[in-house]
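One-letter residues, chain by chain:
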Amino acid sequence: MNLKLDIDLEDLKQTAKRVSDYTFGMDLTWDWPGGVAFYGISRLFEVTGEQAYLERMIDWVEEYLEAGIPEGWTVNTCAMGHMLLTLYEQTKDQKYLDLILSKIDYLEHHALRFGDRVLQHTVSANNDFPEQCWADTLFMAAFLELRVGVLLGKKVLIDDALHQFERHIHYLQDEDSGLWYHGYNHVKKDHMSGIHWARANAWAAYTMSRAARGLPEGYLYPPMMHIWSSLRDQLAAIKRMQHEDGLWGTVLDYPEAYGEVSATAGIAAAMVMQGNPLHAKYVRKALAGILANIADNGRVLNVSGGTAVMNDIEGYLGIDRKWAQGWGQGLALAFLSSVVEVVEAQGDREPRRRSDQVEKY
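If you're wondering where the values come from, they're calculated on a predicted model, not measured in any experiment.

### As for unusual backbone geometry
Argument step 1. The phi dihedral of lysine 189 is positive, around 60°, even though this residue is not glycine.
Argument step 2. Mapped onto the elements, lysine 189 comes out in the loop between β4 (183-185) and α8 (198-214).
Argument step 3. A relative accessible area of 53% places lysine 189 in the exposed class.

### Considerations on a nonpolar patch on the surface
Argument step 1. Judged by side-chain polarity, Tyr219, Leu220, Met225 and Trp228 come together as a nonpolar surface patch covering roughly 410 Å² of accessible area.
Argument step 2. For methionine 225, the position within the fold is in helix α9 (residues 222-238).
Argument step 3. Residue class for methionine 225 comes out partly exposed when judged on its relative accessible area of 34%.

### Focus on the environment of lysine 239
Argument step 1. Looking at the secondary structure, you find lysine 239 in the loop between α9 and β5 (248-249).
Argument step 2. It is 9.3 Å that separates the C-alpha atoms of lysine 239 and methionine 271, two residues lying 32 residues apart in sequence.
Argument step 3. Ignoring anything within four residues of it in the chain, the contact list for lysine 239 reads Trp248, Met271, His279 and Tyr282.

### Here we look at a negative patch on the surface
Argument step 1. Together, Asp27, Glu55, Asp59, Glu63 and Glu66 line one region of the surface with negative charge.
Argument step 2. Looking at the secondary structure, you find glutamate 66 in helix α3 (residues 51-67).

### Focus on the nonpolar core
Argument step 1. Grouped together as the largest cluster of nonpolar side chains are 124 residues, with contacts concentrated most on Leu3, Trp30, Phe38, Met57, Leu107, Val272 and Phe335.
Argument step 2. It is helix α13 (residues 326-349) that contributes the most residues to this core, 11 residues altogether.

### Digging into the pattern of salt bridges
Argument step 1. Scanning the entire structure with this criterion turns up 14 salt bridges.
Argument step 2. A salt bridge links aspartate 21 to arginine 56, with the nearest nitrogen and oxygen atoms 2.8 Å apart. On the criterion of sequence distance, the pair formed by aspartate 21 in helix α1 (residues 9-24) and arginine 56 in helix α3 is long-range, its members being 35 residues apart.
Argument step 3. Residue class for aspartate 21 comes out partly exposed when judged on its relative accessible area of 30%.
Argument step 4. Several salt bridges share partner residues, and in doing so they unite Glu10, Lys13 and Glu344 into one network.

### Notes on α9
Argument step 1. Under the 1.5 Å per step criterion, the end-to-end length of α9 is 25 Å for 17 residues, consistent within 8% with the ideal 24 Å.
Argument step 2. Buried residues of α9: Met224, Ile227, Ser230, Leu231, Gln234, Leu235, Ala237 and Ile238, and no others. Take α9 and look down its axis: the buried residues cluster within an arc of 155°, on one side only.

### Details of the packing of helix α2 (residues 32-48) against helix α4 (residues 81-91)
Argument step 1. Between α2 and α4, the least distance of the axes is 7 Å, while the angle of their chain directions is 35°. Taking contact as the criterion, the partners of Phe38, Tyr39, Ser42, Phe45 and Glu46 in α2 are, on α4, His82, Met83, Thr86 and Gln90.
Argument step 2. Looking at the contact of α2 with α4 residue by residue, the class counts come to four nonpolar, four polar and one charged.

### Quick notes on the environment of tryptophan 73
Argument step 1. Position of tryptophan 73 among the secondary structure elements: in the loop between α3 and α4.
Argument step 2. Separated by 65 residues in sequence, tryptophan 73 and aspartate 8 place their C-alpha atoms 42 Å apart.
Argument step 3. Apart from residues lying up to four places away in sequence, tryptophan 73 is in contact with Trp30, Cys78, Leu99, Ser102, Lys103 and Tyr106.

Thresholds applied
- Residues numbered from 1 in each chain as written.
- Predicted model: local features only at pLDDT ≥ 70, side-chain atom pairs only at ≥ 80, totals over all residues.
- Heavy atoms only, no water.
- Helix = DSSP H or I, 4+ residues; strand = E, 2+ residues; numbered from the N terminus.
- Buried < 20%, exposed > 50% of the residue type's maximum accessible area, 1.4 Å probe, protein only.
- Patch = residues over 30% accessible without salt bridge, like charges linked within 9 Å, V, L, I, M, F, W, Y side chains within 5 Å.
- Areas by Shrake-Rupley, 256 points an atom, 1.4 Å probe, with all protein chains shown as cover.
- Salt bridge = Lys/Arg side-chain N within 4 Å of Asp/Glu carboxyl O.
- Contact = heavy atoms within 4.5 Å.
- Lys, Arg positive; Asp, Glu negative; His and termini not counted.
- Charge placed at Lys NZ, Arg CZ, Asp CG, Glu CD.
- Core = buried A, V, L, I, M, F, W, Y, C linked by side-chain atoms within 4.5 Å.
- Expected span 1.5 Å × (residues − 1).
- Arc of directions from axis to C-beta.
- Axes fitted to C-alpha atoms, helices over the stretch in contact; angles between N-to-C directions.
- Nonpolar A, V, L, I, M, F, W, Y, C, P; charged D, E, K, R; others polar.

Below, the structure is given as structure tokens:
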């Protein structure tokens, strides 16, 4: 993907640093907002190599371990495993791996499942959403399983992760439109309000794009063909719904829906990861729209609050976007990191590329 930008690469890194600095000051807890936020910071570290990000994440975890982490896990609290993976990869400290494996043990042996071993979305110790699958689960749990499976060479984890992707595609993607529903109720066999919520589509698109890049010899796993086709059709549909300011509406196929920055970041990051040159112009528009929604202090603006599967479209449109949110900070950082990564890769190739060569990503 050829991303010619009107912004200096170092300016982009400084913007990401401001977002990171604001995030560290948010008093996030050991739950999914922190999980997404610190995933974004870990991606920024991986792309820039700036040790300060790693050191600050280590300090944050140490402080939280002393204060006390939750006694039991949920699908949502498993999201913190993403940062722990980065810390373990960098330090080889066993305590990080032990925490990761405790989350994996929960997902494998204790998490609520329904039907063909599909993970039920859980936010507490209660059975809040009986036999419901949400797109959110792909980021919080399935993507984590896949990453751990690849790191440790455990095929059983890879297989279960890909199974979750395949089943969530089956239950949540609208084959006619290519868009994803927010949730599915297996008891009632319906999509509840049937809304194509933007952040649900971002969870799906981003995790599928990372799965497609992060699994060695992915073509040898039949579910991966399913993921590639699902992502292709989803992004082909989504790109046509982008607003003029570069954002996507919080309900994708409702033109009057307000532009929502966390979903825009996740969707645009997926486009960068997929690398289709036809998406470059949409990524550039999204970058402009996201940068316009980052305050001088690093706060990401216009991020919708926590959203259950609402009863109707009014429920989604009524979710406030007044406050900074961990998932807004994290998805913005994931997107900015992906842009930095691809632009730097192009720069590395530039001296070796002849004028008649076609650039590929």
